[in-house]
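Fold and contact review
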Amino acid sequence: NPATAQVGEPFTWVFRTSGGKSESYVVNNLPVGLSFQETNGIGSIQGEPSAHGDHLIEIVGWERSNQGGGSTESYFLRLQVTPEEGYGGDGVAKC
């Protein structure tokens, strides 16, 4: 932690809880352009971010499907999305 991504470029981050005991997850604060997928207890955040900036993504694992049973403590992934190549930190093209 932190992870990095670039505006307009494919990004994937795969995760599971320690011991692989979670059957479902809740993921909050995803940047625009990214989505969450879960299959058989393994989660992934993927897509192409559309705006640069720092993001704090919250992930919570649950013992059962549909957020049932007990939950893990929140895990926070810091994602730094950088501007497209050829652009400055302010998003303005450099000539």
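The text that follows walks through the structure, step by step, so that each part is easy to find. Here the residue numbers are simple positions, counted from 1 along each chain's written sequence. Per-residue local features of the predicted model are confined to residues with pLDDT of at least 70, and side-chain atom pairs are confined, for both listing and counting, to 80 or more; whole-chain, interface and lining totals are unaffected and use all residues. Processing note: side-chain calculations cover all non-hydrogen atoms of the structure and skip hydrogens and water entirely.

**Concerning the overall build of the protein chain**
- Broken down by element type, the protein chain carries zero helices and eight strands.
- The cut-offs for exposure are 20% and 50% of the maximum accessible area for each residue type, with area from a 1.4 Å probe on protein chains only; residues under the lower value are buried, those over the upper are exposed, and the others partly exposed. The buried share of the protein chain, reckoned over its 95 residues, is 31%.
- Looking at the protein chain alone, contacts between residues at least 24 apart form 61% of all its contacts between residues at least 6 apart.
- As displayed, the protein chain has an accessible area near 5900 Å², and 46% of this comes from carbon and sulfur atoms. Put simply, DSSP marks the helices as runs of H or I at least four residues long and the strands as runs of E at least two long, and each gets a number from the N terminus on. Here, residues are in contact when the closest pair of their heavy atoms is within 4.5 Å. The accessible surface values rely on the Shrake-Rupley method and a 1.4 Å probe; as for residues, cover is taken only from the protein chains in view.

**Overview of the packing of aromatic side chains**
- For this analysis, a ring pair means two rings from Phe, Tyr or Trp (six-membered ring only for Trp) whose centres lie within 6.5 Å, classed as stacked if their planes differ by under 30 degrees, edge-to-face if by over 60, and tilted for the remaining angles. Tallied over the full model, the rule gives five aromatic pairs.
- The interplanar angle of 35 degrees and the centroid separation of 5.4 Å between the aromatic rings of Trp13 and Phe15 together place this pair among those described as tilted.
- Under the relative-accessibility criterion, Phe15 is labelled buried at 9%.
- A centroid spacing of 6.3 Å and a plane angle of 75 degrees characterise the contact between Tyr25 and Phe36, whose relative ring orientation is edge-to-face. Of this pair, Tyr25 sits in strand S3 (residues 24-28) while Phe36 sits in strand S4 (residues 34-39); the two residues are eleven residues apart in sequence, bridging distant segments of the chain.
- Here the aromatic cluster, defined as three or more aromatic residues joined through ring pairs, consists of Trp13, Phe15, Tyr25, Phe36 and Tyr75.

**Quick word on the sheet that holds S4**
- At least two bridges found by DSSP between two strands is the condition for calling them paired. What the three strands build is an open sheet, ordered S2-S5-S4; its pairing is antiparallel. The open sheet terminates on both sides in strands that have one partner only, identified here as strand S2 (11-15) and S4. Shown here is a sheet whose adjacent strand axes are inclined to one another by a mean of 20 degrees, direction ignored.
- Sheet analysis places S4 next to strand S5 (residues 42-47), joined by six bridges and oriented antiparallel. For Glu38, the partnering residue across the bridge sits in S5 and is Gly43. Fitted lines through C-alpha atoms serve as axes, helices being fitted only where they are in contact, and the angles separating the N-to-C directions of these axes extend from 0 to 180 degrees.

Shape descriptors only; they carry no functional weight alone.
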